There are 4 protein chains.
Amino acid sequence: MTGDFAGEPAGVLAIGDHKFTSRLVIGTGGAANLDILERALTASGTELTTVAMRRADLGSGSGVLDLLRRLGIALLPNTAGCRTAAEAVLTAQLAREALGTDLVKLEVHADDRTLLPDPIETVDAAQQLADEGFTVLAYTNDDPVTALRLEEAGCAAVMPLGSPIGTGLGIRNPHNIELIVARASVPVILDAGIGTASDATLAMELGCDAVLLSTAVTRAQDPERMAAAMRAGVTAGRLAREAGRIPQRFWAQASSPPR
Amino acid sequence: MTGDFAGEPAGVLAIGDHKFTSRLVIGTGGAANLDILERALTASGTELTTVAMRRADLGSGSGVLDLLRRLGIALLPNTAGCRTAAEAVLTAQLAREALGTDLVKLEVHADDRTLLPDPIETVDAAQQLADEGFTVLAYTNDDPVTALRLEEAGCAAVMPLGSPIGTGLGIRNPHNIELIVARASVPVILDAGIGTASDATLAMELGCDAVLLSTAVTRAQDPERMAAAMRAGVTAGRLAREAGRIPQRFWAQASSPPR
Amino acid sequence: MTGDFAGEPAGVLAIGDHKFTSRLVIGTGGAANLDILERALTASGTELTTVAMRRADLGSGSGVLDLLRRLGIALLPNTAGCRTAAEAVLTAQLAREALGTDLVKLEVHADDRTLLPDPIETVDAAQQLADEGFTVLAYTNDDPVTALRLEEAGCAAVMPLGSPIGTGLGIRNPHNIELIVARASVPVILDAGIGTASDATLAMELGCDAVLLSTAVTRAQDPERMAAAMRAGVTAGRLAREAGRIPQRFWAQASSPPR
Amino acid sequence: MTGDFAGEPAGVLAIGDHKFTSRLVIGTGGAANLDILERALTASGTELTTVAMRRADLGSGSGVLDLLRRLGIALLPNTAGCRTAAEAVLTAQLAREALGTDLVKLEVHADDRTLLPDPIETVDAAQQLADEGFTVLAYTNDDPVTALRLEEAGCAAVMPLGSPIGTGLGIRNPHNIELIVARASVPVILDAGIGTASDATLAMELGCDAVLLSTAVTRAQDPERMAAAMRAGVTAGRLAREAGRIPQRFWAQASSPPR
């Protein structure tokens, strides 16, 4: 450990050519108004925030885009609402043109009730977008095989869910996240299902490189405070992963005094 | 929420007449040497640290006591190693005389294999010590009834375990911790079993007022970094508790753009 | 394994001088009427059923007692509703006189909201009752130390809870049940908290000798069918424990064809 | 509930035109020898057993096939070991010709380390096989979207995993299994990951129609006894599902005597 340790995790998050110090990506959905959103974004320390291309966000005079530019936060347009690879590719192309960024969060939802990603359409779209030079971050279920397929298709990051969008059920299957992390050579960003800070901490302890969340912050009773909680939670999990935890034991073990 | 929010939890931890800003109590056991301990204590931000009266800690020239005094950290002598109420009371009395503090962490271990507290001896000792004017923080199992009995006996704080000492198994029974918190009128400090930062975050989210841990930090591969992780984890959990999390749902729920 | 294996677990459940083939103990509380209770008891295969001494069960013409006698099911009077050792001892004495059995299920509830056992009063009463020649089955929390204390006090069986009475939360802390089983030399009967059949199966897999439950059956939508489910669940868990399960692995392992 | 209730679940398992009373499907892999396999199959009560087409099972004088025919157990050839849709389709065609059954368990493994199914190749193969008139039971991950896609492709049953093959990790994500069951209109058979009887019980309680397992039985210390455990566990879970369990509560609730 270097002598200048000051309680912050080492390294940066590199997604394609983009580099970030913060490991918390925020979604803007669910915020009651722009003032609350601004305070939450600031408290979170985020440097990358996702906006839905198919919603009203991008209308003339969109407050969200103005806000993000004013705060100096990078835009991550997403394709939420798309149901097919073709729709998602078209939406990504429009976003690149409109927003001037090669970053895209690829989301192809199979239906409205689960909002789960469609693995076949997602892999298809990922391949096309990567071939067109996009820096693709792909939302996926927590299947380790699909995560590898997305990486092979050229994704710059894979974003497995913890649980379905908006459920707040946290990470339902930590074993799958560990399997994904063990075999990934691109960043793994835990996306969807985060409900509270310990979920974010656990995601980082499992080896994720970052966490994306939206309504856990925007719909908390106090969004600004929850944003600060998530920021601290991600830091805690990253530090703990780096620090190397003690093993788990069945029987107790006494400590002993330092010499 | 006040306008001066800066990402820190509100309020102080009051144990009897003693007040602390930090909500992380550290045990010194298990540290490889005093230098590592010092760096870990500093990184943790702790203001209260427990030392075992029945170990070599208090011998002439005890480095640990000198270290804690130099760092300005309050001493919390503990009675670890005691098997009966009588032993624990005597040990506490010696500690008060030797260290000049009315604080005592009461521990009566039933046996060496589980290091679990003996509830009957603990309640007995707690009563005696409270009657003698000690500020008693009592280590207990996670039984909600025993926690209430300790409070009735005059304890200034109750310290339920997450799992047996040194196991790193985290909080095995969150339901019991919630039951204890729901009925306690003194601070609840999660003690024993913490293995990694998300355990500490969860403890605070469940409503605990503070967390005590030792070997999770001192025996981590990088104790200083794990101490920083625990500090952030406690902050994250406290903020999340204050912020009010979203409810859990079975089906997904889409977010929507801010207006 | 003997050649006459027929899908039934080996051995009998011996509690003091009493022996049972069934490992499912049923409580009568919560049944809508005696007819439903009879069908549920029959479907469960139980040979031992607990009745509350402090309720109306024992009034003249008590249908429950008549029913149990008719079905040839042994009576296990319990002290539910008692708050002190003295009350519990008196209730047990009355039960012995009225029902002609030395069996008693000792329950001392600390309060109505949790119905959790009071460990101090329970150990006190257990000592007195064992000294008076009762065959004591003691309801306890899942604290391994209290379980040992009850055994030392002379109990013929210890009955740790899975979770509070009537919650249906199952076994909240399997680790504690394993610790209790590992050190007990009297039968361990999982009591309270069972909600469904897999809870009973798990209890037996953890090494419990039997399971006690009431409202999981009596308040199920179809009590008779749930009683049959519990009977099968206990058998499944007992057989699985005896059979020796495969270890858990992180990575997959293919099977291979038999030779 | 009908008057002739005798502790057995109602109804039959219908897969395409095939009907079964047993809800336990056994895989033959991992058995030490044919004698042990025979005893385990008999104890399990299975009526449907899967054999690997790509292994030595089908050589001249295959003991496994002879055994299954002698025991009157239906054959379910599987495509384990196949890596592509094309391989799986060819293997299924060979199986149909060799064994004279339209039943096929479709498995396309993505790699040897996880043995996880490849969702894209599996859906592709399922479509082809269904079009050719096979009765397809498709092994899949626990993704609810992929399960629906397989049903749309014409599968007669979907077989989500609990956890990777041979791990014995049980059902890692009960929420996903519940989502699959809630939307399926074909039978759901829990496949892979079962380690012990309570896993099988839970699978049925979550609403699965049957359970498939291999090494949990064949590699248990006593395969015959574990087979009996699994049989009882499946029965327990099915009955409990039908019986309608009590809800879970945070606070305790006393039972009351029957009237």
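Residues numbered from 1 in each chain as written. Chains lettered and ligands numbered in written order. Predicted model: local features only at pLDDT ≥ 70, side-chain atom pairs only at ≥ 80, totals over all residues. Heavy atoms only, no water.

What counts here: UniProt positions are given in the numbering used here, feature names are shortened, and annotations may be inferred rather than shown by experiment.
As annotated in an unreviewed UniProt entry, chain A carries the name Thiazole synthase and is attributed to Prauserella isguenensis. Under the Function (unreviewed entry) heading, UniProt states for chain A: "Catalyzes the rearrangement of 1-deoxy-D-xylulose 5-phosphate (DXP) to produce the thiazole phosphate moiety of thiamine. Sulfur is provided by the thiocarboxylate moiety of the carrier protein ThiS. In vitro, sulfur can be provided by H(2)S."

**Quick look at the interface of chain C and chain B**
Put simply, the rule is: Residue contacts follow a heavy-atom distance rule, with two residues in contact if any of their heavy atoms lie within 4.5 Å. Simply put, the buried area is the total loss of 1.4 Å probe accessible area from both parts when two parts are fitted together. Salt bridge, as applied in this entry: a Lys or Arg side-chain nitrogen positioned within 4 Å of an Asp or Glu carboxyl oxygen. Two N or O atoms count as a polar contact when they lie within 3.5 Å, although within protein this holds only if one can serve as hydrogen donor and the other as acceptor, and sequence-adjacent residues are included solely when both atoms are side-chain atoms. Strands are runs of DSSP state E lasting at least two residues, helices are runs of H or I lasting at least four, and both sets are numbered from the N terminus onward.
Taken together, the contacts link 23 residues of chain C with 23 residues of chain B. Overall, the association of chain C and chain B removes approximately 1900 Å² of surface from exposure, summing both partners, and the carbon and sulfur fraction of that is 62%. In this structure, the connection of chain C to chain B is made through four salt bridges. For the salt bridge of R183 of chain B with D111 of chain C, the shortest nitrogen-to-oxygen distance reads 2.9 Å. The interface formed by chain C and chain B includes six residue pairs in polar contact (both at pLDDT 80 or more). Mapped onto the side of chain C that touches chain B, the elements with two or more residues apiece are α4 (119-131), α5 (144-152) and α6 (174-183) of chain C.

**Comments concerning the relation of the copies chain B and chain A**
Put simply, the rule is: The atoms used to superpose the copies are C-alpha atoms, taken from residues with pLDDT of at least 70 in both, and the fit is least squares.
Of the transformation placing chain B onto chain A, the axial shift is 0.0 Å and the rotation is 180 degrees, giving an RMSD of 0.0 Å. Within this description, the copies of the chain are treated as partners about a two-fold rotation axis. Both copies contact each other with a shared surface, as 100% of the interface residues of chain B are interface residues in chain A too.

**What about the UniProt feature "active site" (unreviewed entry) in chain A?**
Residues and elements named next belong to chain A. UniProt records the feature "active site" (unreviewed entry) for K105 in the present numbering. One can find K105 in strand β6 (residues 103-106). Setting aside residues up to four positions removed in sequence, K105 forms contacts with T50, L76, P77, N78, T79, L137, Y139, M159, D191 and L212.

**Points about the interface of chain B and chain A**
At the junction of the two partners, chain B supplies 71 residues and chain A supplies 71 residues. With both sides pooled, the region where chain B packs onto chain A buries about 5900 Å², and carbon together with sulfur makes up 59% of that total. At the boundary of chain B with chain A, the tally comes to two salt bridges. With a closest N to O distance of 2.5 Å, E242 of chain A and R225 of chain B form a salt bridge. Here chain B is connected to chain A by 26 residue pairs in polar contact (both at pLDDT 80 or more). Listed by contribution, the elements that provide at least two residues to the side of chain B that touches chain A are α1 (34-44), α7 (197-205), α8 (215-218) and α9 (223-243) of chain B. Tallying contributions element by element places α9 of chain B first for the side of chain B that touches chain A, with 13 residues.

**Focus: the environment of I189 of chain A**
Residues and elements named next belong to chain A. The following threshold applies: Whether a residue is buried, partly exposed or exposed follows from its accessible area with a 1.4 Å probe, protein chains only, as a fraction of its type maximum: under 20%, in between, or over 50%, in that order.
With respect to the helices, strands and loops of the structure, I189 is situated in strand β9 (residues 189-191). The class for I189 is buried, based on a relative accessible area of 0%. Separated by 125 residues in the primary sequence, I189 and V64 place their C-alpha atoms 23 Å from one another. Ignoring anything within four residues of it in the chain, the contact list for I189 reads I15, L137, A157, V158, M159, P160, A210, V211 and L212.

**Considering the UniProt feature "binding site: 1-deoxy-D-xylulose 5-phosphate" (unreviewed entry) in chain A**
All names here are of chain A. Mapped onto the present numbering, the UniProt feature "binding site: 1-deoxy-D-xylulose 5-phosphate" (unreviewed entry) falls on G166, A192, G193, S214 and T215. Separation in sequence by 50 residues is not matched in space for these annotated residues, since their most distant C-alpha atoms are only 9.4 Å apart. Relative to the helices and strands, G193 is located in the loop between β9 and α7 (197-205). Excluding residues within four positions of it along the chain, G193 makes contact with S163, P164, T167, G168, L169, G170 and D199.

**Here we look at the pattern of salt bridges**
When the charged atoms of two side chains with opposite charge come close together, those side chains can pair. The final tally for this structure, using the stated rule, is 48 salt bridges over all chains. What you see here is one network of salt bridges that share partners, running through D222 and R225 of chain A together with R238 and E242 of chain B.

**Looking at the side chain of R23 of chain C**
Residue and element names in this part refer to chain C. Our working definition: Charge convention: Lys and Arg are scored as positive, Asp and Glu as negative, and His as well as the terminal groups of each chain are ignored.
Its location among the elements puts R23 in the loop between β2 (18-20) and β3 (24-27). An unpaired buried charge is present at R23: no salt bridge exists, and D209, the closest side chain of opposite charge, is 4.5 Å distant. Among the polar contacts listed, one links the side chain of R23 to the backbone oxygen of V12, at a separation of 3.2 Å. Those residues within four positions of R23 in sequence are excluded, and the remaining contacts are A10, G11, V12, L13, M204, D209, A210, V211, V234 and R238.

**Considerations on the pairing of strand β5 (residues 74-78) of chain B**
Residues and elements named next belong to chain B. To keep it simple, the criterion reads: A pair of strands is treated as paired once DSSP finds two or more bridges between them.
Within β5, four of the five residues are buried, leaving the element largely enclosed by the surrounding structure. Note that strand β4 (residues 48-52) and β5 share five bridges and pair parallel. Following the sheet pairing, L48 is matched in β5 by A74.

**Quick look at the packing of aromatic side chains**
All names here are of chain B. Condition: Put simply, two rings from Phe, Tyr or Trp (the six-membered ring, in Trp's case) pair if the centres are within 6.5 Å, and we call them stacked under 30 degrees between planes, edge-to-face over 60, tilted for the rest.
Within this structure, the stated rule accounts for four aromatic pairs over all chains. When the centroid spacing of 5.3 Å and the interplanar angle of 80 degrees are considered together, the rings of F250 and W251 count as edge-to-face. Overall, the relative accessible area of 32% leaves F250 in the partly exposed class. With a relative accessible area of 22%, W251 lands in the partly exposed category.

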